[in-house]
Amino acid sequence: MSSIEINKDTYLKWYEWMLLMRRFEEKTGQLYGQQKIRGFCHLYIGQEAVLAGAMSVIRQEDSMITAYRDHAHAIAKGVPSNAIMAEMYGKATGCSKGKGGSMHMFSKEKHFYGGHGIVGGQIPLGAGVAFAEKYKGTDNVNIAYMGDGAVRQGALNETFNMAALWQLPVIFVCENNGYAMGTSVARTTIQTDIYKLGLPYGIPSSAVDGMDPVAVHNAMDEAVQRARRGEGPTFLEMRTYRYKGHSMSDPQKYRTKEELESYKAKDPIEMVKETIEKEGYADEKWFEEIAAKIKAEVEEAVKFAEESPWPEASELYTDVYVQADYPYIRD
């Protein structure tokens, strides 16, 4: 049982959070097709419950770090939609000053530490953030997200060992959407139950239905409470699914339409909506108001990005080193 009650407000927040993520990502895909957004772009559509269930558990002071499929994570941590969209446009008003783009969102203020393009590179960094929290004596936790492809990186094993040894307040979350780019989990690992990789290190580990925010909420709450008590890390394998390709350039020939439709049949947004309707938490007018609110927010984000300035050329030399006059930077 969760220590944080799941009630009417929880369901209403889940629905609004997930719908914002979905509509934001749909608009992102459209803009990419128009070449307004360039470079690599990885959409989160279908996986929203993984974040919604976590958001109803964590505090603002808790930190988050993830890989390059990071737009929704930034939304989850409260980074304004305007700043996220402007970042994807490469504009100076973006959350990373237009220097990171789609894959490298960042917000120190919101305790969101990326957005990392190197597969698995964020895993030891997440443990490092957790080490800092423990060193400072806080009870804040770090959630380190990764894809199923990242668990084959050696850095995961090194980090699991140190996190368990030092009892760090970190929750490792594998968002297992079944495919590392276009390669299925079964073709890349002998251990298809990914959560079991944490067990040899004495890390409490389990598989979670990542399409169900209730299941995610309960698993995350247990892990967060354990971390706050100083009992160390947890490894959760969130079994989820992405409706779109690995990136916008993915032809998706490695999976069938039937497989995709089978996951869409248990879409987390629709499942939450059904519960809200069944329990009488809200009426049709409320759903219409939320849809209109989110549409307006996304449209405002696009307008903001379109009208924002490009970074000055001098920005090329800033934010490279902490030391402002670092001697090896030349203009």
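Structure: see above.
Before going into details, it helps to say that this report is about the structure given with it. (Residues numbered from 1 in each chain as written. Predicted model: local features only at pLDDT ≥ 70, side-chain atom pairs only at ≥ 80, totals over all residues. Heavy atoms only, no water.)

**Quick word on the sheet that holds strand β7 (residues 234-239)**
What the 5 strands build is an open sheet, ordered β1-β2-β3-β7-β6; its pairing is parallel. Looking at the sheet topology across the chains shown, the edges are occupied by β1 (63-65) and β6 (205-209). Direction aside, the axes of adjacent strands within the sheet are offset by 20° on average. Across 6 bridges, the pairing between strand β2 (residues 142-147) and strand β3 (residues 170-176) is parallel. When the sheet's bridge partners are listed, Ala144 is paired in β3 with Phe172. Sheet contacts for helix α2 (residues 48-55): β1, β2, β3 and β7; angle to β2, the most-contacted strand, approximately 175°. Across the sheet, helix α6 (residues 154-165) touches β2, β3 and β7, and the angle it forms with β3 is around 150°. (Pairing = 2+ DSSP bridges. Helix = DSSP H or I, 4+ residues; strand = E, 2+ residues; numbered from the N terminus. Axes fitted to C-alpha atoms, helices over the stretch in contact; angles between N-to-C directions. Contact = heavy atoms within 4.5 Å.)

**Comments concerning the pattern of salt bridges**
Applying the stated rule across the entire model yields 17 salt bridges. Residues Arg59 and Glu61 are paired through a salt bridge, measuring 4.0 Å at the closest nitrogen-oxygen approach. The exposure class assigned to Arg59 is partly exposed, which follows from its relative accessible area of 32%. Notably, a salt bridge pairs Arg228 with Asp62, separated by 2.7 Å at the nearest N-O pair. With Arg228 in helix α7 (residues 213-228) and Asp62 in the loop between α2 and β1, the pair connects residues that are 166 residues apart, well separated along the chain. The class of Arg228 is buried, set by a relative accessible area of 18%. For Asp62, a relative accessible area of 0% gives the class buried. Linked by salt bridges that have partners in common, Lys97, Lys99, Glu315 and Asp319 make up one network. (Salt bridge = Lys/Arg side-chain N within 4 Å of Asp/Glu carboxyl O. Buried < 20%, exposed > 50% of the residue type's maximum accessible area, 1.4 Å probe, protein only.)

**Looking at a negative patch on the surface**
On the surface, Glu270, Glu274, Glu277, Asp283, Glu284, Glu288 and Glu289 cluster together to form a negatively charged patch. Elements with a contribution of two residues or more to the negative patch: α9 (268-279) and α10 (284-307). Inspection of the secondary structure assignment puts Glu274 in helix α9. The exposure class of Glu274 is partly exposed, given its relative accessible area of 48%. (Patch = residues over 30% accessible without salt bridge, like charges linked within 9 Å, V, L, I, M, F, W, Y side chains within 5 Å. Areas by Shrake-Rupley, 256 points an atom, 1.4 Å probe, with all protein chains shown as cover. Lys, Arg positive; Asp, Glu negative; His and termini not counted. Charge placed at Lys NZ, Arg CZ, Asp CG, Glu CD.)

**Thoughts on the pairing of β2**
Extensive coverage of β2 is indicated by the burial of 5 of its 6 residues. Judged from the 3 bridges that link them, β1 and β2 form a sheet pairing that is parallel. When the bridges of β2 are listed, Ser63 appears paired with Asn142. In this region the chain leaves β2, passes through α6 and returns to the parallel neighbour β3; the handedness of that crossover is right-handed. (Right-handed = clockwise from strand over helix to strand, strands pointing away.)

**A word on the packing of aromatic side chains**
Within this structure, the stated rule accounts for 15 aromatic pairs. Between Tyr11 and Tyr281, the ring centres sit 6.0 Å apart and the planes meet at 40°, which makes this aromatic pair tilted. Residue Tyr11 is found in helix α1 (residues 8-33), and its partner Tyr281 is found in the loop between α9 and α10; the two are separated by 270 residues along the sequence. According to the relative accessible area criterion, Tyr11 is buried, its value standing at 14%. Ring centres 3.8 Å apart and planes at 15° place the aromatic pair Tyr321 and Tyr326 in the stacked group. You can call Tyr321 partly exposed: its relative accessible area is 43%. An aromatic cluster is present here, built from Phe160, Phe172, Tyr201 and Phe235 joined pairwise through their rings. Over the aromatic face of Trp310 sits the side chain of Lys91, whose NZ or CZ is 4.7 Å from the ring centroid. The ring of Phe287 is capped by Lys273, whose NZ or CZ atom sits 5.1 Å from the centre of that ring. (Phe/Tyr/Trp six-rings, centres within 6.5 Å; stacked < 30°, edge-to-face > 60°. Lys NZ or Arg CZ within 6 Å of the ring centre and 35° of its normal.)

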